Amino acid sequence: MPFKIIKYDHVDSTQNIAKEKNAPYLAIVAREMHDGRGRMHRKWFAKEGGLWLSVTYPINDSPHLFSLAAGVAVAKTFIKLGLSCCLKWPNDVMANNLKISGILCETQDQIAVIGIGVNLNNPLPEVLKEYATSAKSCGLNITVDDFLPELLQYLELELERKPADIVKEWKKYQCTLGRHVKVIDGKKEYHGTAIDIDKNGFLIIQTEMGYKTVIAGDLRFIQKEDEPPQNS
Ligand code: BT5
């Protein structure tokens, strides 16, 4: 089912607007947000020029897979528009080893509110320069009007897939598995090799203590001494 696009100029967070509307198949877009948020209420910088979007979708049996499906949709859109990128578990899209897009999935009643932030022509603050990038910094002029219709088409397709197919599709675009990682999940910290994601989208890490399954968390790539350098 197609999304109904509702555009705003300046809002606190598109997530809040989407929750106020409380209806499925909406695509709330804002030119700018002053209180954009990431997971655990972290600040999300959202100046004019980027895509700040929240789509609403009916909850099914596997709403935790929506973040992965949305990541696939973003990656496919970038690739179609000429920028190579890949998926870092659980919710990041990476270009040149830097975060170009982040996804936040929240739920309310029977609706999932999937927030998607994509850095296109927006400026990024100095504090993020080491971790984040934009299409512009990668040398491409991609506007919101170029990106949004393509992304919504991919979202329709990816969100509708069966759980096993979402996982399968995510694996095609990922750059996480096989790498040495540190994952912080609340007070717990895991070091090891990212081996796989299971049918729920949870990450399986091979640690010195055996296999660990991590439901959510912050993942950093770590470089082993005997490896050539790879950025995180
Ligand atoms: C995310 O959280 O990556 C989810 C971001 C979701 C943003 C969208 S925009 C539309 C919708 N409306 C909202 O209010 N939010 C959603 P997390 O993995 O927790 O990453 C947050 C961290 O990313 C911050 O602590 C910063 O370090 C970094 N960050 C902030 N702004 C960024 C940006 N524009 N680009 C890249 N990284 C950023």
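Structure's up top.
This report concerns the structure included in the present document.

## What about the overall build of the protein?
Moving on, step 1. The secondary structure content of the protein amounts to 4 helices and 12 strands.
Moving on, step 2. For the protein, whose C-alpha radius of gyration is 17 Å, the value lies close to the compact-globule estimate of 17 Å for 232 residues.
Moving on, step 3. With respect to the principal axes defined by its C-alpha atoms, the protein has extents near 50 × 40 × 35 Å.
Moving on, step 4. Scored against the burial criterion, the 232 residues of the protein give a buried share of 49%.
Moving on, step 5. Taking the intrachain contacts of the protein between residues at least 6 apart in sequence as the baseline, contacts between residues at least 24 apart amount to 58%.
Moving on, step 6. Distance between charge centres in the protein, computed from 29 positive and 29 negative side chains, equals 1 Å.

## Description of the sheet that holds strand S11 (residues 210-214)
Strands in a sheet are paired, the pairing made by backbone hydrogen bonds, and the direction either parallel or antiparallel.
Moving on, step 1. Taken together, 5 strands build an open sheet; the order of strands is S11-S10-S9-S8-S12 and the sheet is antiparallel. Bordering the open sheet on either side are S11 and strand S12 (218-221), each of which pairs with just one other strand. Looking at each pair of strands side by side, their axes are set apart by 45° on average, direction ignored.
Moving on, step 2. Both strand S9 (residues 188-197) and strand S10 (residues 203-207) contribute to a ladder of 4 bridges, which runs antiparallel. Note that in S10 the partner of Ala 194 across the bridge is Ile 205.

## Points about the packing of aromatic side chains
The way to describe two aromatic rings as a pair is by their centre distance and the angle between their planes.
Moving on, step 1. By the definition in use, this model includes 5 aromatic pairs.
Moving on, step 2. Each ring, one from Phe 3 and one from Tyr 25, has its centre 6.4 Å from the other, and the planes form 50°; the classification is tilted. With Phe 3 in the segment before strand S1 (4-11) and Tyr 25 in the loop between helix H1 (14-21) and strand S2 (26-33), this pair connects stretches of sequence that are 22 residues apart.
Moving on, step 3. When the ring of Tyr 57 is compared with that of Phe 66, the centres are 5.4 Å apart and the planes differ by 80°; the resulting orientation is edge-to-face.
Moving on, step 4. Classification of Phe 66 by relative accessible area gives buried; the value is 0%.
Moving on, step 5. Put simply, the rings of Phe 3, Tyr 25, Tyr 57 and Phe 66 touch in pairs and so form one group of aromatic residues.
Moving on, step 6. The positively charged end of Lys 88 is found above the aromatic ring belonging to Phe 221, 5.8 Å away from the centroid.

## Re the packing of helix H2 (residues 66-80) against helix H3 (residues 144-160)
Moving on, step 1. Two numbers describe how H2 lies on H3: the axes approach to 8 Å, and their chain directions differ by 140°. Accordingly, the angle class assigned to the pair H2 and H3 is oblique. Once H2 is placed against H3, the crossing between them reads as right-handed. Residue-level inspection shows Phe 66, Ala 69, Ala 70, Val 72, Ala 73, Val 74, Lys 76, Thr 77, Phe 78 and Lys 80 of H2 in contact with H3, the latter providing Phe 147, Glu 150, Leu 151, Tyr 154, Leu 155, Glu 158 and Leu 159.
Moving on, step 2. For the contact of H2 with H3, the residue count by class is 12 nonpolar, 1 polar and 4 charged.

How each quantity is defined
Residues numbered from 1 in each chain as written. Predicted model: local features only at pLDDT ≥ 70, side-chain atom pairs only at ≥ 80, totals over all residues. Heavy atoms only, no water. Helix = DSSP H or I, 4+ residues; strand = E, 2+ residues; numbered from the N terminus. Rg over C-alpha atoms; globule rule 2.2 N^0.38 Å. Buried < 20%, exposed > 50% of the residue type's maximum accessible area, 1.4 Å probe, protein only. Contact = heavy atoms within 4.5 Å. Lys, Arg positive; Asp, Glu negative; His and termini not counted. Charge placed at Lys NZ, Arg CZ, Asp CG, Glu CD. Pairing = 2+ DSSP bridges. Axes fitted to C-alpha atoms, helices over the stretch in contact; angles between N-to-C directions. Phe/Tyr/Trp six-rings, centres within 6.5 Å; stacked < 30°, edge-to-face > 60°. Lys NZ or Arg CZ within 6 Å of the ring centre and 35° of its normal. Parallel < 35°, antiparallel > 145°, perpendicular 65-115°, else oblique. Left-handed = near helix turned anticlockwise from the far one by under 90°. Nonpolar A, V, L, I, M, F, W, Y, C, P; charged D, E, K, R; others polar.

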